[in-house]
Amino acid sequence: MDFFVVQILTGLSNAAALFLVASGLSIIFGVTRVVNFSHGSFYMLGAFIGYSLMTVLPGFIGFWASILLAGVAVGVIGLIVEMGVLRPIYKSPELFQLVATFGVILVIQDLTLLIWGPDDLIGKRSPGFEGVVKIGDQLLPSYDLVLIFLSFLVLGGLWFLFNKTRVGILVRAATQDREMVGALGVNQSWLFSGVFFLGSALAGIGGAAQLPKGGADLLMDFNILAPVFVVVVIGGMGSIPGAFVAALIISELNVFGVQLLPQSTLVLMFVVMAVVLIFRPWGLFGRPETLGSHGSQGPPEAPLRAFSGRLWLALAAAAIALTAVPLFGGTFLQVLLADVIIACLFATSLHFILGLGGLVSFGHAATFGGGAYAAALLVQYAEAPMEMAMLFAPLAAGLLALVIGWFCVRLSGVYFAMLTLAFAQVVWSVAFQWGDVTGGDDGILGIWPSAWASGTTAYYYLVLTLGLGGIATLLFMAYTPFGYALRGGRDSALRSEAIGINVRLVQWSAFIFAGFMSGLAGALFVFAKGSIFPTELEIARSFDALIIVFLGGVQSLFGPLAGGVVFTLLQDWLSRFEYWRLFLGLMIIGIVILLPNGLVGVGQWVRNRLGAAPGKPEEEAA
Amino acid sequence: MSFLEVRGLTKSFGGVNAVNAVSLDLKEGELLALIGPNGAGKTTCFNMLYGQLKPDEGSVKLNGRELIGQTPRKIWRMGVGRTFQITATYASMTVMENVQMALISHHRGIFSVWPPASRRHRPEAHALLELVGMESQAERAASVLAYGDLKRLELAIALAHSPRLLLMDEPTAGMAPKERVGLMQLTADIVKERKIGVLFTEHDMDVVFAHAHRVLVLNRGEILADGSVDEVRANPRVQEVYLGGGSTFGEQEDADTGQSADGSVDKEGLANA
Ligand SMILES: Nc1ncnc2c1ncn2[C@@H]1O[C@H](COP(=O)(O)OP(=O)(O)OP(=O)(O)O)[C@@H](O)[C@H]1O
Ligand SMILES: [Mg+2]
């Protein structure tokens, strides 16, 4: 009995940080409709800033002042992000905002590294609450009780703010009806900024308050992101009570999960999410998303054009040039080009669902890494030859996409984005936690091609054949009725249903097909590198594909190819610098803000270079 | 013989009774107008007939088969076409491709891969575009069409699977007066030729009185009158709805669709036409 009480209290105290971060994210989303992917970074900053403040401000007062000040400091940083990064792009398609906040993650990561160094910091104990309390024969750190109190305090405070104060009621009205904001005579800029400050400050306080329990490290940002998304998805976007209940559920589940199924704590959380979503796709306390409530969709895309003769010629020339590379290029160039082709295939498969289908997936790494792991596991345990592994890897990835897609295509917009991200984290956590099979963090090593393909040039030709084959298939599919139906569902789901097209089925099929191709890219990748680690399933990998698609231009069929080339070469070059994330992040933010028309300008330039005609945005057709 | 039988259709949003116990019959070869001021519940009725909205009560039978509870997809397969008050077309496709998609779906080719979509059913699509007078714009992007042309395109799409029943929600909104008459004349011809039933809503009384075989008047969710054009026009309660009361729908329509008034709506239409 005492044991259970202590377990429940531990779960409650674990829920505190989760709730603080999730409620902040929810408040920001509710009013601005921006999913702030950098919210985990604000949490991390709260921990680091709080740590530094605590070393300066001593004693009981100093401890709590530090937490409060950390919250204020992070709130101000949130304000800077809102004004500097997001304000210029509120009217852009939501993908822009998501990508921009990802840029912020990269920048904050490197700035944190720059300021605080790479070492984990161990948090100071809270003065006055260093000890433990005895509950029956069980012990509980007394600070856990403080955290529980804190989360109820914040819940109560937020309830008061949104129900009893004029400002809060206005904000709530704005959440329910964005048009209301103007009608009520509220300055929208102020409202958005204020909400961003509040939401960020909550994340900062969460980060600082958990210092005595968890300390501060550079992985905190991504580590909290997945659970926070799960909490927000389960609770319902924009709902504070939802965030509270869901944070409790997840934390209790973790605490008891550790007792019962120590190997699957991470997976458990996602299973609960899946179950909730089957019955309530909008979360426990969420309301169905009304159409058009999330950002603009950007300018309409131009109709697809058949490949022109010039384009065929350019493509043939490119294929010949690539085939001829081993004649004049050395090992380095061949390896680099193989990387480029794999990245292009990966990104083109994402573009298939994202560009054509309007399904903004933030978890495309699941099928890439999934395919790679499938191949590696087959080689490791079934001693399968490369040929067989390469055949089965895409199938396994397709199967994975089938399961993930079943849940995800029922949602749209940011809900879809978050859910795909959460599922990718499931796959990641399986690879990471199931050490006996996947090798965990150590990965799987020694996955080499068959003898005939083991030379650099031979493998280059294999990548060239399968990679370009996959890309060509994806491009071809865009022109089939299936590809058209996918675009139709994006343009007007209403029209599709009214002419007998099952939009969900089309989207689900596309998701599976894209997963298959992404799995092929993963298989090519694993045999190229000879090993696979959970990093290939990480959020950062999903973002690679997103950035490539984004860089190349979402509305162009050839965008992912142009983007893949530029991005891979750029990364190859940037990664020689210590703070490459900083550069990359700033670059992403710069592109998003300076080219708000979806890189049509750059895309046009690239397309002209390639001499490609399809997808060319036509000016008022004759 | 009526092949569409609607009985006791009811829907409320929150506390508001949008549609209350609406019943109607439609015969083959009949052009039935559903009129009423803004917010009368016309679109809500359409949405319930087409499976987009679940009614609180009521039944809709098409040739004896219940439509309530079916998805729009199924209802379309049963031979019902629809055009929308706010047009729904594929902006990233050409006019031709928009029609081709409906034809591809009708021939159950959505999941086939060869030949490419833009090469399918071209003669059929062309004939449909010709029918609605859009053949000269076949290769334009739907995103650049004028609003009236989008309405015409929607009609072509809705006709692609040779429906038995056509639901048209304000088919002529956004068109010039001449165009309106032309489009309704075309619809009337199709009704006559193919013996299909058409249920349409319309704010332009000239159009209604010139072409409808029968008129249903809806007000605040309830059927106010049901009869021939002359009967409805003479009905004092109908006149009251349109002439008395604060809200004449002519003005509101402007706000709704962003179209300029062409003066053919409302009072004079009722009184003089
Ligand atoms: N989804 C909804 N939620 C709440 N109320 C709704 C909804 N849809 C319609 N209504 C309300 O139901 C009533 C009927 O609306 P409906 O759109 O059917 O009218 P209408 O006759 O088509 O009007 P119009 O001539 O403007 O097209 C209106 O009062 C409207 O505000
Ligand atoms: Mg209407």
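Residues numbered from 1 in each chain as written. Chains lettered and ligands numbered in written order. Predicted model: local features only at pLDDT ≥ 70, side-chain atom pairs only at ≥ 80, totals over all residues.

Caption draft 1: Highlighting the overall build of chain A. From N to C terminus, chain A includes 26 helices and four strands. What you see for chain A is a C-alpha radius of gyration of 25 Å, in line with the 25 Å of a compact globule of 622 residues. In terms of its C-alpha atoms, chain A occupies a principal-axis envelope of roughly 75 × 60 × 45 Å. Counting the 622 residues in chain A, one finds 55% classified as buried. Counting contacts in chain A only where the partners sit at least 6 residues apart, residues at least 24 apart contribute 79% of the total. (Helix = DSSP H or I, 4+ residues; strand = E, 2+ residues; numbered from the N terminus. Rg over C-alpha atoms; globule rule 2.2 N^0.38 Å. Buried ≥ 20, exposed ≤ 12 C-beta atoms within 10 Å, placed from the backbone. Contact = placed C-beta atoms within 7 Å.)

Caption draft 2: Spotlight on the sheet that holds strand β7 (residues 165-169) of chain B. Residue and element names in this part refer to chain B. Across the sheet, six strands lie side by side as β6-β7-β8-β3-β9-β10; this open sheet has mixed pairing. The strands lining the two open edges of the sheet, one partner per strand, are β6 (80-83) and β10 (222-227). Here the strands of the sheet are splayed against their neighbours by 15 degrees on average, with no regard to which way each runs. Of the pairings in the sheet, the one linking strand β3 (residues 31-35) to strand β8 (residues 197-201) comprises four bridges and is parallel in character. The residue of β8 that forms the bridge with L32 is L199. (Pairing = 2+ DSSP bridges. Axes fitted to C-alpha atoms, helices over the stretch in contact; angles between N-to-C directions.)

Caption draft 3: Layout of unusual backbone geometry. Residues and elements named next belong to chain B. The residue after W114, namely P115, is reached through a cis peptide bond having omega -5 degrees. Note that P115 resides in the loop between α3 (95-106) and α4 (122-131). One non-glycine residue, A21, lies in the positive phi region at around 50 degrees. Here A21 is to be found in strand β2 (residues 16-27). By C-beta crowding, A21 is classed as partly exposed, having 14 other C-beta atoms within 10 Å. You will see that K195, though not glycine, has its phi angle at about 55 degrees, which is positive. Relative to the helices and strands, K195 resides in the loop between α6 (177-194) and β8.

Caption draft 4: Representation of the interface of chain B and chain A. Between chain B and chain A, the contact holds 32 residues from the first and 25 residues from the second. If you list the elements that add at least two residues to the side of chain B that touches chain A, you get α2 (72-77) and α3 of chain B. Looking at the side of chain B that touches chain A, the element that brings in the most residues is α3(B), giving five residues.

Caption draft 5: Structural detail: the domain arrangement of chain B. All names here are of chain B. In terms of domain boundaries, chain B breaks down into domain 1 (2-79 + 163-272) and domain 2 (90-161). Opposite the 10 residues of domain 1 that make contact, domain 2 presents nine residues. With three residues, the single largest contributor to the side of domain 1 that touches domain 2 is α6. Of the residues in the side of domain 1 that touches domain 2, the class split is seven nonpolar, two polar and one charged. (Domains from an automatic or database assignment. Nonpolar A, V, L, I, M, F, W, Y, C, P; charged D, E, K, R; others polar.)

Caption draft 6: Region of the structure containing the packing of helix α13 (residues 309-328) of chain A against helix α14 (residues 331-356) of chain A. All names here are of chain A. For the pair α13 and α14, the least separation of the axes is 8 Å and the interaxial angle reads 150 degrees. Relative to α14, the element α13 is oriented roughly antiparallel. Taken as a pair, α13 and α14 cross one another with a handedness that is left-handed. Across from L322, V325 and P326 in α13, the residues of α14 making contact are L333, Q334 and L337. Grouping the constituent residues of the contact of α13 with α14 by class yields five nonpolar, one polar and no charged. (Parallel < 35°, antiparallel > 145°, perpendicular 65-115°, else oblique. Left-handed = near helix turned anticlockwise from the far one by under 90°.)

Caption draft 7: Molecular detail of α3(B). Over its 12 residues, α3(B) runs 17 Å from end to end, which matches the ideal 16 Å to within 8%, given 1.5 Å per residue. For α3(B), the tally of buried residues reaches 10 of 12 residues, placing the bulk of the element in the interior. Buried residues of α3(B): B:V95, B:M96, B:E97, B:N98, B:V99, B:Q100, B:M101, B:A102, B:I104 and B:S105, and no others. Residues of α3(B) that are buried in the fold lie against α20 (481-491) of chain A together with α4 and α5 (147-159) of chain B. B:R108, located one to two residues past α3(B), shows a positive phi value of around 55 degrees. (Expected span 1.5 Å × (residues − 1).)

Caption draft 8: Seen up close, the packing of helix α15 (residues 365-382) of chain A against helix α16 (residues 386-408) of chain A. All names here are of chain A. Where α15 contacts α16, the axes come no closer than 8 Å and their chain directions differ by 135 degrees. With respect to α16, the axis of α15 lies oblique. Note that α15 runs across α16; the crossing there is right-handed. For the pair α15 and α16, the contacting residues are A366, T367, G370, G371, A374, A375, L378 and V379 in the first and M388, A389, M390, F392, A393, P394, A396, A397, L400, A401 and I404 in the second. Of the residues that constitute the contact of α15 with α16, the class distribution is 16 nonpolar, three polar and no charged.

Caption draft 9: Representation of the sheet that holds strand β5 (residues 65-66) of chain B within the structure. Residue and element names in this part refer to chain B. Pairing in this open sheet of four strands is antiparallel, and the strands run β2-β1-β4-β5 from one edge to the other. Two strands close off the open sheet at either side, each with one partner strand: β2 and β5. In this sheet, β2 lies alongside strand β1 (residues 2-13) in antiparallel orientation, the contact comprising eight bridges. Across the sheet, F13 pairs through a bridge with V16, a residue of β2.

Caption draft 10: Structural context of the confidence of the model for chain A. All names here are of chain A. Residue-level pLDDT values for chain A average 87, and 92% of them are 70 or greater. Predicted confidence in chain A is weakest over helix α26 (residues 600-610), with a mean pLDDT of 59, and strongest over helix α22 (residues 503-529), with 97. A low-confidence stretch, residues 613-622 (pLDDT under 50), is modelled with 26 contacts involving residues beyond four sequence positions or located in other chains. (pLDDT = per-residue confidence, 0-100.)

Caption draft 11: Geometry of the domain arrangement of chain A. All names here are of chain A. Domain parsing of chain A yields domain 1 (2-279) and domain 2 (309-610). The straight-line distance from the C-alpha centre of domain 1 to that of domain 2 is 32 Å. Facing the 36 residues of domain 1 at the interface are 34 residues of domain 2. At the level of secondary structure, the elements contributing two or more residues to the side of domain 1 that touches domain 2 comprise α4 (94-116), α10 (220-235) and α12 (265-279). Counting residues per element, the side of domain 1 that touches domain 2 draws most heavily on α4, which supplies 15 residues.

Caption draft 12: Representation of the nonpolar core in the model. All names here are of chain A. Membership of the largest hydrophobic core comes to 290 residues, with the highest contact counts inside it found for A375 and A422. Per-element tally for this core: the top contributor is α22, with 17 residues. Here A422 is in contact with A226, F229, V230, V233, F270 and M273, once residues within four sequence places are set aside. (Core = buried A, V, L, I, M, F, W, Y, C linked by C-beta atoms within 7 Å.)

Caption draft 13: How the structure looks around the pairing of strand β4 (residues 57-62) of chain B. Residue and element names in this part refer to chain B. Here β1 pairs with β4 via five bridges, running antiparallel. Its bridge partner lying in β4, V6 is registered against V60. Examined bridge by bridge, β4 and β5 share two bridges and lie antiparallel to one another. Across the sheet, residue K61 finds its bridge partner in β5, namely E66.

Caption draft 14: Expanded view of the site of ligand 1. Close contacts around ligand 1 come from 13 residues, with B:F13, B:A18, B:K42, B:T43 and B:T44 the closest. Broken down by element, the shell around ligand 1 gets its largest block of residues, three residues, from helix α1 (residues 42-49) of chain B. (Near = placed C-beta within 6 Å.)

Caption draft 15: Representation of the environment of A:L225 in the model. Residue and element names in this part refer to chain A. Structurally, the position occupied by L225 is in helix α10. Accessibility expressed as a C-beta count within 10 Å gives 24 for L225, which makes it buried. When the C-alpha positions of L225 and F37 are compared, they lie 7.7 Å apart, and in sequence the two are 188 residues distant. When sequence neighbours within four positions are dropped, the list of residues in contact with L225 reads G40 and I539.

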